[in-house]
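# Coordinates in review
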Amino acid sequence: MPLNRVINNPDHVVEDMLAGWLLAHADTVAATDNPRVLRRRAAPQAGKVGVVTGGGSGHEPAFLGYLGDGLLDAVAIGEIFSSPTARSFMDAIRAADGGAGVACLYGNYAGDNMNVQLATRMAEREGITVQTVVANDDVASAPRGDEGRRRGVAGEILMWKVGAAKAAQGGSLAEVIAVARKAIEHTRSVGIGLSACVIPAVGKANFTIEAGSMEMGIGHHGEPGVAVCATASAAQMAQQMLDMVLPDLPFGAGDRVAVLVSGLGATPLMEQYILYAEVARRLQAAGITVAFNRVGNLFTSLEMMGVTLTLMKLDDELQACLGAACQSVGLALRPSGSAPYPSAGFAPQPSAALAPHPPAGLPVAGAAMRQQAGLAAATGSAARPQPGIARSVQGPALDMARCGALVRELIDTICAHRQYLSEIDGLIGDGDHGINMSKGFAGCGERLDRLGEAEALQLPKALEQLSQALMDDIGGSMGPLYGRFFMGFVSTLEHHAQLDAALFGQALAAAVANVQAMGNAQPGDKTLIDTLVPACAAYRQALEEGRDFAQALDAMRDAAEAGKESTRALQARVGRSARLGARSIGVLDAGASSCFLILQSMARSLQRQLSA
């Protein structure tokens, strides 16, 4: 059913938006060779610390709206509500690197953490020093004392502003990181949701907020908050939000603060200003001085109705950085009596030494392989085959050069279940799991087409293309997790001509070890590990009991299905849905579900080829 939206293709809204953004703001921002990375026109600048961030689309003007002079140098852009890929973060780092190091300032989400970690390791191999600060200002997402689990929300804007100002003033990387860390440590935020939003490619809301109700502590992706209560007046909302924020730092009489009130996309500016007036009156009554403020759609969530409140406790350094001149779509400051934004003595550096892209003349395929090699190295060497599956297992074997059709069948399986996986994810997540997975797997199909039939039939080669497509094209946590999963198969299989039961078992064990090493999840945490670990154990046990290749694959598939089903009764303990607490019980985990589909498809494909 067509949506009443100003869009063309629901699957291409990010690409279409970026095209318009570049045309509308060509005076301040520029494209890079990576279509998901934009830079400010003057970046990189020799001798200046680069400041970068990245995040999902749908929050405009965040993240790319804070790209500009005195603010961010480069931004990595993800799918709607999904982290950018490690490759995009790395390309943003290259685009911002002026030789003085790069500060990556981003929000505390599992996918962002994984992809930034990978990109940082890649940058180190290229000689670029990267340090990070993770925003965790949302008081509703974890209790006081457990700030490491909190989300980053609109407080990220203040962190970017302060860190970028210090960089523009000539600060060192250590100084930029220190002031950005101080900024986020002094910042607290909370949101109220009044209606849901719709991801265009999903076509319907993933959650509902009943008329006459509001969700206290809602997240920017629609994550439920701490309570559902009756819709209150603006005065009551202001009091409830301040009751959550003020004691948390705490803020008190005599403090100077910065205040941000942001709409979530559908809240009229009139109502945002009504809320701000109520907040400002209460702060004044509490003896707290508002020294900096902004009201508007600063950090949104598509068309969600609602507001967020952000407070930062100021000292002289933070206040000076907030007041420094800047120019971007989302924020522009020109202190009274000042000249236009100063260059701080830095000039654009066109030198090839600072070129953010691969050297001219490097074949496209060679560049892609170099990026893939860097990403593999960044995650550590591939896990070695695990003990417990002896090479002496006998039985039928498949020609490795002829069974790559398995990957085509994986692509068909995931694409066919796109809507199913997104609906599962929508119950306790963003609702984009199936959308992003199908995009990544479909992208692998295009890569296989470019390889040609003979190469695409080679199983290690086809799996390598799948791994690369997922890490390059899927944001969030699933890109790196599944990318490393399939790379475990590649590293085990690539030097063999025949695939038998024992070798497949070793490859499966290596793949599972890769996922566990990256995500740190354990069985019972309500993740894809709840599917993978029992599937691997069942396969190993089947071989130890003397069952053949096909029978062992049956055991793997059955255990994977049971593991997937077990996630219904589990409370999420890691990832974004962990913040829902008991509200995550009773729903299948989307990652565990897609993992089951993958293992089931692999089993069917191999069994079909064994019986041929």
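Quick caveat, the model's predicted, so the values are computed rather than measured. (Residues numbered from 1 in each chain as written. Predicted model: local features only at pLDDT ≥ 70, side-chain atom pairs only at ≥ 80, totals over all residues. Heavy atoms only, no water.)

## Describing helix α3 (residues 110-125)
- In a regular helix each residue adds 1.5 Å, so 16 residues correspond to 22 Å; α3 covers 23 Å between its end C-alpha atoms and thus fits that length.
- Gly111, Asp112, Met114, Asn115, Val116, Leu118, Ala119, Thr120, Met122 and Ala123 are the residues of α3 that are buried.
- In the stretch just after α3, Gly127 is the one whose phi turns positive, near 85°. (Helix = DSSP H or I, 4+ residues; strand = E, 2+ residues; numbered from the N terminus. Expected span 1.5 Å × (residues − 1). Buried < 20%, exposed > 50% of the residue type's maximum accessible area, 1.4 Å probe, protein only.)

## Things to note about the environment of Gly65
- Here Gly65 shows up in the loop between β3 (50-57) and β4 (74-80).
- You can call Gly65 buried: its relative accessible area is 0%.
- C-alpha of Gly65 to C-alpha of Val29: the two residues are 36 residues apart in sequence and 9.6 Å apart in space.
- The contacts of Gly65, once residues within four sequence positions are left out, are Trp21, Ser328, Val329, Gly330 and Leu331. (Contact = heavy atoms within 4.5 Å.)

## Thoughts on unusual backbone geometry
- Put simply, Glu60 and Pro61 share a cis peptide bond, and its omega is 15°.
- Omega for the peptide link from Ala62 to Phe63 comes to 5°, which places this bond in the cis form.
- Following the sequence through the fold, Phe63 ends up in the loop between β3 and β4.
- Phi is positive for Phe81, close to 60°, though the residue is something other than glycine.

## Focus on the sheet that holds strand β11 (residues 289-296)
- The sheet built from 6 strands is open, its strands ordered β9-β8-β7-β12-β10-β11 with mixed pairing. The open sheet has two edge strands with one neighbour each: β9 (227-230) and β11. Mean inter-strand twist for the sheet, computed between neighbouring axes without regard to direction, equals 20°.
- In terms of strand pairing, strand β7 (residues 187-193) meets strand β8 (residues 213-216) through 2 bridges, oriented antiparallel. Across the sheet, the residue bridging to Ile192 is Met216, located in β8.
- Against the sheet, helix α6 (residues 234-245) engages β7, β8, β9 and β12 (306-313), with an angle of about 140° to β7. (Pairing = 2+ DSSP bridges. Axes fitted to C-alpha atoms, helices over the stretch in contact; angles between N-to-C directions.)

## Remarks on the packing of helix α2 (residues 86-96) against α3
- Taken N-terminus to C-terminus, the directions of α2 and α3 make an angle of 50°; their axes are 8 Å apart at the nearest point. Judged by the angle between their axes, α2 and α3 are oblique. Here α2 runs over α3; the crossing is right-handed. Here Ala86, Phe89, Met90 and Ile93 of α2 come into contact with α3, specifically with Asp112, Asn115, Val116, Leu118, Ala119, Met122 and Ala123.
- Among the residues making up the contact of α2 with α3, the classes are represented as 9 nonpolar, 1 polar and 1 charged. (Parallel < 35°, antiparallel > 145°, perpendicular 65-115°, else oblique. Left-handed = near helix turned anticlockwise from the far one by under 90°. Nonpolar A, V, L, I, M, F, W, Y, C, P; charged D, E, K, R; others polar.)

## Some thoughts on the pattern of salt bridges
- Inspection of every chain in the model, using the stated rule, returns 34 salt bridges.
- In this structure, Asp11 engages Arg418 in a salt bridge whose closest nitrogen and oxygen atoms are separated by 2.5 Å. Separated by 407 residues along the polypeptide, Asp11 in the segment before α1 (13-24) and Arg418 in helix α11 (residues 418-428) bring together distant segments of the chain.
- With its nearest N and O atoms 3.6 Å apart, the salt bridge here joins Asp473 to Arg447. Taken as a pair, Asp473 in helix α14 (residues 459-473) and Arg447 in helix α12 (residues 433-451) lie far apart in primary sequence, 26 residues in all.
- Classification of Arg447 by relative accessible area gives buried; the value is 12%.
- Put simply, Glu15, Arg36, Glu79 and Lys439 are held in one network by salt bridges that share partners. (Salt bridge = Lys/Arg side-chain N within 4 Å of Asp/Glu carboxyl O.)

## Topic: the pairing of β3
- Most of β3 is tucked away: 8 of the 8 residues are buried.
- As paired strands, β3 and strand β5 (residues 102-107) are joined by 3 bridges and run parallel to one another. Counterpart to Gly50 in the pairing with β5 is Val102.
- Relative to β4, β3 is paired through 5 bridges, and the arrangement is parallel. Within β4, the position partnered with Ser57 by the bridge is Ile80.

## Details of the confidence of the model for the protein
- Per-residue confidence for the protein gives a mean pLDDT of 89, with 90% of residues at or over 70.
- Segment residues 337-393 is flagged for pLDDT under 50; beyond a separation of four residues in sequence, or across chains, it makes 99 contacts in the model. (pLDDT = per-residue confidence, 0-100.)

## Quick notes on the side chain of Arg188
- Mapped onto the elements, Arg188 comes out in strand β7.
- For Arg188, the side chain forms a polar contact with the main-chain oxygen of Glu185, separated by 3.1 Å.
- Not counting residues within four places of it along the chain, the set of residues in contact with Arg188 comprises Asp137, Val139, Arg150, Val245, Asp248, Leu249, Phe251, Leu309, Thr310 and Leu311. (Polar contact = N/O pair within 3.5 Å; in protein donor to acceptor, adjacent residues only side chain to side chain.)

## Structural notes on the sheet that holds β5
- With respect to topology, 6 strands assemble into an open sheet ordered β1-β2-β4-β3-β5-β6, the strand pairing being mixed. Two strands lie at the open edges of the sheet, namely β1 (29-31) and β6 (130-135), each paired on one side alone. Pairwise comparison of adjacent strand axes, ignoring direction, gives a mean angle of 25° for this sheet.
- Strand contacts of helix α4 (residues 155-168): β3, β5 and β6, with the helix running at about 170° to β5, the strand carrying the most contacts.

## Considering the packing of aromatic side chains
- Under the counting rule described, the total for this entry stands at 10 aromatic pairs.
- With centroids separated by 6.4 Å and ring planes inclined at 80°, the aromatic side chains of Tyr482 and Phe485 adopt a geometry described as edge-to-face. In this pair, Tyr482 and Phe485 are both assigned in helix α15 (residues 478-493), 3 residues apart and thus about one turn of the helix distant. You'll find Tyr482 and Phe485 in the same group, each marked buried.
- Seen from their ring centres, Phe485 and Phe486 are 5.0 Å apart, and the 75° between their planes marks the pair as edge-to-face.
- Taken together, the ring pairs connect Phe441, Tyr482, Phe485, Phe486, Phe489, Phe504, Tyr539 and Phe549 into an aromatic cluster.
- Between the NZ or CZ atom of Lys313 and the centre of the ring of Phe251, over which it lies, the distance is 6.0 Å. (Phe/Tyr/Trp six-rings, centres within 6.5 Å; stacked < 30°, edge-to-face > 60°. Lys NZ or Arg CZ within 6 Å of the ring centre and 35° of its normal.)

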